[in-house]
Amino acid sequence: MRFQTLRHCLLALALLALAACHQKEENAAAPGGATPEAAVQESVALIKAGDFAGFWKHALPPADYNNLRADWTRPRPDQRPITDEDRARFDQAVKQLTAPNAETALYDQLKPKLTQMEQQYHDQLPVMIGIGQAILTTGIAQNKTMTENQKQNLRDALNVLLPWAQQTPWFDQDKAKQSVGVVVTTARQLDLKSPDQLQHMDFDSAMKKYATAYQGIKQLLAIYGLSIDDTLDSVKVSTLGIDHGLAHVKIDYTLLGKPLSADSQLELVDGRWYNKDMIDGEHAQHEQLMHPPAPASSGTAPAPASTARAPASNSSTGTILAAKP
C-alpha cells in the first residue's frame, strides 16, 4: 500500500513538474513581457541574438504583429520603380563582393587609397567627424517622427560615439583587411540576386537577411573597438512608476565604457507589456498603408524608395543600438 502511495506521489510530482515546464515554455513564447522590465530585457536578448523575427513577435501585440507581417509587401506610397540602371549597378556591386578572389582583389584596390586618404585627411578627420555630428544633431532635432525623449537618448549616444570616431584608426591597413573579409563573407551569406528581390522580399525572408547583415555589422564595429554585445550585456532595467496601464522605465547601459541611461514608456495590452512608441509607430504606418495620402501633383517628383524597414527602432532598444554609426 505504501509503495502504491509513493508511486502515486511520484507520478503527481512528475506531472506537476511537466506542467511547470510547459507553463514556462508558454510564457517564454508569449509576446510582450509579464513585467515592464521583462519586456525590455527580452527585447535586448533577441537583438543580441540577431533574432529579428522573434523580436517583432515579442515587441508588438498579436494584432499589430499580424498587421506588420501583412503590410510588409504592400506597395509603399513613396516607392519608385526599379530601373535597368539600378539593376546594373546592383549586379556589378554584388559580383565584385562575391567573386572567388573578392577579398584579395578588393583589398588590393583599397590599400593605396587608404594610404592616400590617410595623408590627405588624417589631420582633418576629427573636424570632419565633428561636422558630421552637427549635421546628425540637426537632423535629430528636426525629425518629426521621434519623441523628444528619443531625440535626447540619441544625442547622449552621439556624444559618446564622437570621441571614439575621432580616435579610431580608420586608415589602419590590418583593420581594413579584416573589414574587407567581413564585408565579402557577409555579402556571400546574404546571397542577394537583384534589387527586385530586396523590394519584394516577404517578412520572414527579410528578417533572415537582417540577421545576416547585423552579424556582419557587429563584426565590423568590433574590429574598430566598438562591441555591440558588450553594450547589450550591460543593460539594466528599472521601473520608475506605473499609472493607468503605462509604465515609465529607466534603462541604464554602458557604451564604450561610458554609463548612459534612456527612458522608455511601456503599455499594458491584454495583460502583457509592450513598448508604446513601437505600438504607436506600427499603428501610424499601418494607417498610412491602408489610407495613403492623395497623390502629389504631376509636377512633383516622387520621393526615393525605401525598400526595407529597420528592425529595431524604439526608445529602449533603438537607443542602445544607436552605437552603430
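Just so you know, these numbers come straight off a predicted model, no measurement behind them.

Asker: Which parts of the structure should I look at to understand the pairing of strand β2 (residues 246-255)?
Answerer: Of the two faces of β2, the one holding A247, V249, I251, Y253 and L255 is buried and the one holding L246, H248, K250, D252 and T254 is not buried anywhere. Examined bridge by bridge, strand β1 (residues 236-243) and β2 share seven bridges and lie antiparallel to one another. Note on β2: the bridge partner recorded for K236 is D252. Where β1 hands over to β2, the hairpin turn is made up of two residues, of which H244 adopts a positive phi near 50°. Bridge count for β2 against strand β3 (residues 258-269) is ten bridges, and the pairing is antiparallel. By the bridge assignment for β3, L246 is matched with E267. The loop that links β2 with its antiparallel partner β3 comprises two residues; one of these, L256, has a positive phi angle of about 55°.

Asker: Can you help me understand the packing of aromatic side chains in this one?
Answerer: Any aromatic ring pair is given by two values, namely how distant the centres are and how the planes are angled relative to each other. On inspection of all chains with the given rule, the structure shows eight aromatic pairs. Plain terms: the ring middles of W164 and W170 are 5.5 Å apart, the flat faces sit at 80° to each other, and that makes the pair edge-to-face.

Asker: When you look at the sheet that holds β2 in this model, what are you seeing that I'm missing?
Answerer: Strands pair in a sheet through their backbones, by hydrogen bonds, and they do so in one of two ways: parallel or antiparallel. As summarised here, the arrangement of the four strands in space is β1-β2-β3-β4, forming an open sheet in which the pairing is antiparallel. Each of the sheet's edge strands pairs with one partner strand only, and the pair in question is β1 and β4 (272-275). Averaged over all pairs of adjacent strands, the angle between strand axes in this sheet comes to 35°, irrespective of strand direction.

Asker: Any chance you could explain the confidence of the model for the protein chain here in plain terms?
Answerer: Close inspection of predicted coordinates is inappropriate in any region flagged by low pLDDT. Counting all residues, the mean pLDDT for the protein chain is 84, and 81% of those residues have values of 70 or more. Contacts for the low-pLDDT stretch residues 1-28, under 50 throughout, to residues beyond four places or in other chains number one contact. Overall, residues 298-325 carries pLDDT values under 50, and its contacts beyond four positions in sequence, including any with other chains, amount to 80 contacts.

Asker: How do you make sense of the nonpolar core when you look at a structure like this?
Answerer: In globular proteins that are soluble, nonpolar side chains generally tend to be buried together. Of all hydrophobic cores here, the largest spans 54 residues; its most connected members are W56, M207 and L255. Ignoring any residue separated from it by four or fewer positions in sequence, one finds M207 in contact with F52, A53, W56 and W72.

Asker: Is there a simple way to think about the packing of helix α9 (residues 173-190) against helix α11 (residues 203-223) in this case?
Answerer: Two quantities define a packed helix pair, namely the angle between the axes and the distance from one axis to the other. Where α9 meets α11, the closest approach of the two axes is 10 Å, and the angle between their N-to-C directions is 175°. Relative to α11, the element α9 lies roughly antiparallel. Residues K175, Q178, S179, V182, V183, T186, Q189 and L190 of α9 lie in contact with α11, whose contacting residues are K209, T212, A213, G216, Q219, L220 and I223. Split into classes, the residues belonging to the contact of α9 with α11 amount to six nonpolar, seven polar and two charged.

Conventions used here
- Residue numbers here run from 1 along each chain, matching the order of that chain's written sequence.
- Totals for whole chains, interfaces and linings use every residue, but because this is a predicted model, local features are given only for residues with pLDDT of at least 70 and side-chain atom pairs only at 80 or more, for both listing and counting.
- The basis for the side-chain values is all heavy atoms of the structure; hydrogens and waters are excluded.
- Exposure categories follow from relative accessible area, calculated using a 1.4 Å probe and restricted to protein chains: below 20% of the type maximum is buried, above 50% is exposed, and the middle band is partly exposed.
- Elements are defined by DSSP. Helices are runs of H or I of four residues or more, strands are runs of E of two residues or more, and each kind is numbered from the N terminus.
- A strand pair is defined by DSSP finding two or more bridges across the two strands.
- The criterion for an aromatic pair is that two Phe, Tyr or Trp rings (for Trp, the six-membered ring) have centres within 6.5 Å, with stacked assigned to planes under 30 degrees apart, edge-to-face to planes over 60 apart and tilted to the rest.
- Simply put, an axis is a line fit to the C-alpha atoms, just over the touching stretch for a helix, and the angle between two N-to-C directions goes from 0 to 180 degrees.
- Confidence of the prediction at every residue is given by pLDDT, a number between 0 and 100.
- Any pair of residues with heavy atoms lying within 4.5 Å of one another is described as a contacting pair.
- Each nonpolar core is a collection of buried residues, namely Ala, Val, Leu, Ile, Met, Phe, Trp, Tyr and Cys, held together in the definition by side-chain atoms within 4.5 Å.
- The scheme is simple: roughly parallel for angles under 35 degrees, roughly antiparallel for over 145, roughly perpendicular for 65 to 115, oblique for anything else.
- Under the grouping applied here, Gly and all other residues not named as nonpolar or charged are polar, the nonpolar ones being Ala, Val, Leu, Ile, Met, Phe, Trp, Tyr, Cys and Pro and the charged ones Asp, Glu, Lys and Arg.

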